[in-house]
Amino acid sequence: MDETKESDTSRHFLRQWIEEDHAAGRTGGTVVTRFPPEPNGYIHIGHAKAVCVDFGMAKLFGGECHLRLDDTNPAKESDEYAENIKNDIRWLGFQWSGAGDSGEPGFYNASNMFDAMYQIAEELIRRGQAYCCNLTQDEWKEYRGVPEKPGRPSPSRDTDPERNLRIFREMRDGKYADGEWCLRAKIDMASPNIHFRDPVIYRIRHVSHYHLGDKWCIYPMYDFAHPIEDALEGVTHSMCTLEFEVHRPLYDWVVDRMDEQGLLVVRNGVKIRPQQREFARLNITWTVMSKRLLLQLVTEGHVSGWDDPRMPTVCAMRRRGFTPGAIREFCDRVGVTKVESESDPALLEWCVREELNRTALRRMAVLDPVKLVIENFEGTRDVEVPNNPLDESAGTRKVPFSKEVWIDRADFMEVPEKKFFRLAPDREVRLRGACIVKCTGVEKDADGKITTIRCTWDEGSWGGNPSDGRKVKGTIHWVDVATGVKAEVRLYDRLFTVPDPLRDGSDGFLKYLNPDSLKTVTAYVEPALATAASGERFQFERTGYFVVDSKDSKPGAPVFNRTVTLKDGYKPA
RNA sequence: UGCCCGGUUGUGUAAUGGUCAGCACAGCGGCUUUUGAUGCCGCUUGAGGAGGUUCGAAUCCUCCCCGGGCAACCA
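Notes on the structure follow. A quick note: this is a predicted structure, and the numbers were derived from the prediction, not measured.

Relative to the helices and strands, Pro527 is located in the loop between strand 24 (518-525) and strand 25 (537-540). Put simply, Pro527 and Asp480 are 47 residues apart on the chain and 8.9 Å apart in space, counted from C-alpha to C-alpha. When near neighbours in sequence (up to four residues on either side) are disregarded, Pro527 contacts Pro400, Thr483 and Val485.

The full count for this structure, using the stated rule, is 22 aromatic pairs. A ring pair is formed by Tyr118 and Trp216, whose centres lie 5.8 Å apart and whose planes are at 45°; its orientation type is tilted. Linking Tyr118 in helix 5 (residues 114-126) with Trp216 in the loop between strand 6 (200-204) and strand 7 (218-220), this pair joins segments that are 98 residues apart in sequence. You can call Tyr118 buried: its relative accessible area is 3%. Assessed through its relative accessible area of 6%, Trp216 is described here as buried. Ring pairing ties together the aromatic residues Phe114, Tyr118, Phe168, Tyr202, Trp216, Tyr219 and Phe224, which thus form one cluster. Stacked on the ring of Trp91, the Lys or Arg Arg318 has its end atom at 5.2 Å from the ring centre.

Let us look at the sheet that holds strand 20 (residues 450-457). A sheet is described by the order of its strands in space; here seven strands give the open sequence 21-18-19-20-14-17-22, paired in mixed fashion. Pairing within the sheet leaves two strands with one partner each, and these edge strands are strand 21 (475-476) and strand 22 (479-480). The pairing of strand 17 (residues 404-408) with strand 22 spans two bridges and is classified as antiparallel. From the neighbouring strand, Val405 faces strand 22, where its bridge partner is Asp480.

Grouped together as the largest cluster of nonpolar side chains are 48 residues, with contacts concentrated most on Ile45, Phe55, Ile89, Leu92, Met239, Ile327 and Phe330. Elements supplying a minimum of two residues to this core: helix 2 (13-23), helix 3 (45-60), strand 2 (64-69), helix 4 (79-92), helix 11 (314-320), helix 12 (324-334) and helix 13 (345-359). Here this core gets nine residues from one element, more than from any other, and that element is helix 3. Those residues in contact with Ile327 that sit more than four places away from it in its chain are Ile45, Ala48, Trp91, Leu92, Met317 and Phe322.

Inspection of the region around RNA strand B gives 67 residues, with Gln16, Phe421, Gly463, Gln539 and Arg542 positioned closest. Near the protein, within 4 Å, the atoms of RNA strand B are sugar or phosphate in 67% of cases. One of the side-chain N or O atoms of Arg362 is found 2.6 Å from a base oxygen in RNA strand B. Secondary-structure elements contributing two or more residues to the surface near RNA strand B are helix 6 (137-144), strand 6, helix 12 and helix 13. The residue makeup of the surface near RNA strand B, split by class, is 22 nonpolar, 18 polar and 27 charged.

Here the focus is the packing of helix 5 against helix 7 (residues 161-172). Across the interface, helix 5 lies against helix 7 with an axial gap of 8 Å and an inter-helix angle of 155°. Taken together, the axes of helix 5 and helix 7 are roughly antiparallel relative to one another. In this structure, the crossing between helix 5 and helix 7 has a hand that is right-handed. Contacts between helix 5 and helix 7 involve Tyr118, Ala121, Glu122, Ile125 and Arg126 from the former and Pro161, Asn164, Leu165, Phe168, Arg169 and Arg172 from the latter.

What follows is about the sheet that holds strand 25. With respect to topology, seven strands assemble into an open sheet ordered 12-25-26-27-23-24-13, the strand pairing being mixed. The open sheet terminates on both sides in strands that have one partner only, identified here as strand 12 (361-363) and strand 13 (365-366). Relative to strand 24, strand 13 runs antiparallel, the two sharing two bridges. Paired with Ala365 across the strands is Val525, a residue of strand 24.

So, about unusual backbone geometry. Positioned with a positive phi, Lys419 is a non-glycine residue whose angle comes to about 70°. Here Lys419 shows up in the loop between strand 17 and strand 18 (428-431). We note that Arg542 has phi near 70°; this positive angle belongs to a residue other than glycine. Examined against the element boundaries, Arg542 turns out to sit in the loop between strand 25 and strand 26 (544-548).

What follows concerns the packing of helix 12 against helix 13. Interaxial distance between helix 12 and helix 13 falls to 9 Å at its minimum, and their mutual angle equals 135°. When the interaxial angle is binned, helix 12 and helix 13 end up oblique. Crossing hand, helix 12 versus helix 13: right-handed. Facing Gly325, Ala326, Glu329, Phe330, Arg333 and Val334 of helix 12, the residues of helix 13 in contact are Leu347, Leu348, Trp350, Cys351, Val352 and Glu355. In the contact of helix 12 with helix 13, the residues fall into eight nonpolar, one polar and three charged.

What counts, and at which threshold
- Residues numbered from 1 in each chain as written.
- Chains lettered and ligands numbered in written order.
- Predicted model: local features only at pLDDT ≥ 70, side-chain atom pairs only at ≥ 80, totals over all residues.
- Heavy atoms only, no water.
- Helix = DSSP H or I, 4+ residues; strand = E, 2+ residues; numbered from the N terminus.
- Contact = heavy atoms within 4.5 Å.
- Phe/Tyr/Trp six-rings, centres within 6.5 Å; stacked < 30°, edge-to-face > 60°.
- Buried < 20%, exposed > 50% of the residue type's maximum accessible area, 1.4 Å probe, protein only.
- Lys NZ or Arg CZ within 6 Å of the ring centre and 35° of its normal.
- Pairing = 2+ DSSP bridges.
- Core = buried A, V, L, I, M, F, W, Y, C linked by side-chain atoms within 4.5 Å.
- Near = heavy atom within 4 Å.
- Polar contact = N/O pair within 3.5 Å; in protein donor to acceptor, adjacent residues only side chain to side chain.
- Nonpolar A, V, L, I, M, F, W, Y, C, P; charged D, E, K, R; others polar.
- Axes fitted to C-alpha atoms, helices over the stretch in contact; angles between N-to-C directions.
- Parallel < 35°, antiparallel > 145°, perpendicular 65-115°, else oblique.
- Left-handed = near helix turned anticlockwise from the far one by under 90°.

As C-alpha cells, this is what we get:
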C-alpha cells in the first residue's frame, strides 16, 4: 500500500475521531491501538477487517498497534491458536509495534497483566467499590432483574471490605469451588443498562491456563480486564464491534477507577485515558463467519480443516490463493461504518482478479481434456508465448507443440449453438500462440461420447494469424499430448447454496452446504507447471487463477487450487 | 415492551446545512482483443414514512415504521 493510496482512504468516523483526539493532544503524541483476539480459534476474513482497521489507523497516524492475546478464559484457549493468529496477521502484511510485555515488541498477553488486575480488584474492595458474592448463578439472574425493572441488591452488597478482602484472597488461594463465590463491582442495581447491575468481574475457574499454567484459579471477566489492558498498555483508541456498545459505560467506569487509583499511563505529560468506539463487523453472503459454526464444519468433517480452501479463515484463503493485498483492498473497499451490512463476495473476487491479472504468469491447462489430432502436422515445434501480455517484463516462454494436443471439451460443439465461436465441424479456431486449425471430423465411442476431434492446420498461420488476413475469432488453449503433465486440480465453488445459510437459525445451516463446492479433476498442464513451487500463483488462460497447493503438491505431481474463475462473458443466445 | 444503535440504487459506501445525491462492485449494452479475459465507452435503478426548523435538509428536530444489539461467573 503506497502513501497516496492511504490519503484516498475514506475519512470514516473512527478516523475523524482519532484525528480530533490526536490534534487536541489527548494521545500524548502517539496514537496507540490494539488488535485483541482471543486465542480460541483461527482468524477469518471478519477479523481481517478488524486487523486492517486497528493496524491501519495506527499506521495512518504514525502510531503503534499492539497485538494482544486476550487470554482471560483458559477453558477455550490454546497455544496453537495463538501461534496461528500471529502467523496470519503477519501474512496479511501487518507488524505489531510498541514496548511489548515479554521482550517481543508490540506483543502482549492479557494474562501477563493478571497481577495488576488482581491488585486493582483488591483496591476496589478496600474502597467499597467491589464485593464478594455467593449467590448462585440462578439467584444472581433472579436478583439482577429484567431490563424494564430494577434489580435487587445481593445480601453481600454492603458487607465489610475486610471480610471481602479475606474472601477474595481465599478465592485466589483455591479455598472455594468454581462458582461458589465471585467478585462483583458495586455500581447500580437499578440501572437500565444491565451491565451496570453489579457485574461479575472475577470468577473462580480451576482450569490450567495455556500460558500461565496453574498460577491462578480466579480469572477476570472481559468487562473488567479489557479496559485495564488498554489503560496499562497506554492504548488511546480501542476499536471493537457493535455488540460492545452497551458495554462502553462499564469500560469507562473501570477506567475511572484506575484513574482514582493513579494507574493511568502518562505520556509526555498527558494522562492517557483509553476510549472505546464500535464499528460494524464484516459479514459476507454465501458463507458463515461464526467461530462456533466454523469449528462445527471442521469437527464434523464437512471440510478438511480450518485451512480448507472453502473456509473464510485467513489460512484457508491463503491456501486458496488469495493475496494479502487483495484482502486488504477488499477490507478497504467495504468501508468502516456502524451499519450492519452483508458484503457481496463478488467484490472480494474482483479484488483478487484485479491484482492477479497484473501479476500472475499465464499458463495453459486443460481441465476437461479431449484429444485433437492435427492430421497434416509433422514433427514438433516450440510456440513462444508471453508470460503476461499485460507486463512485458514478465518475458516469454516456449511451449512444445505437435500433432496431438488436448483441448477442453467445452471448446468444441458438434452442433454449435448460436454465438458459439470456438471449434465445430468445418469451422476454424486459433490454437493460442500456434496456428489456425479447421475441424474435419470427430470419433466417438460406443456411447456416442467424442473421443477424438480431427482437424487440419493452415500452414500459413504459424504464430496465430492466417496469411490471407481472414478473421478467425475464436482462440482456445491447448496442451501438447506428448509433453503435457498430469495434474490434480481442485475446483472450488461457494460452500453454501444460498446467500444466507443461517436463514433458519444456526441449527439448520448444514442443509445448505453446497455438494458441488469441491470438484477434483485430472488435468493436463503445460510442462513448465510440473515443478511449480508451493504457493505460486498462475492464470490458466481462459479458465481462472490457480495456486500450487501448499500441502499436497509435489514436484512432478502438482496439485492446483482454483482461487477464482476468470469472468466469463459468454452467453449463448 | 427498559436501555442502546442503525436505516442513501441489487450490494457496499460518499456527503459533515447549498453538488443534476458522487464512487465502486454486480447487472445490462457496445467498441477493442491471438484469453468470450483485460481495457475503453455507455445505460438502468436510491434518500423508510409523516410532519417541522430553514432562503435552502440525505444532513438539524419530533413522532411513527422497520432492522439490530443488550438480560453468560463468554469474548
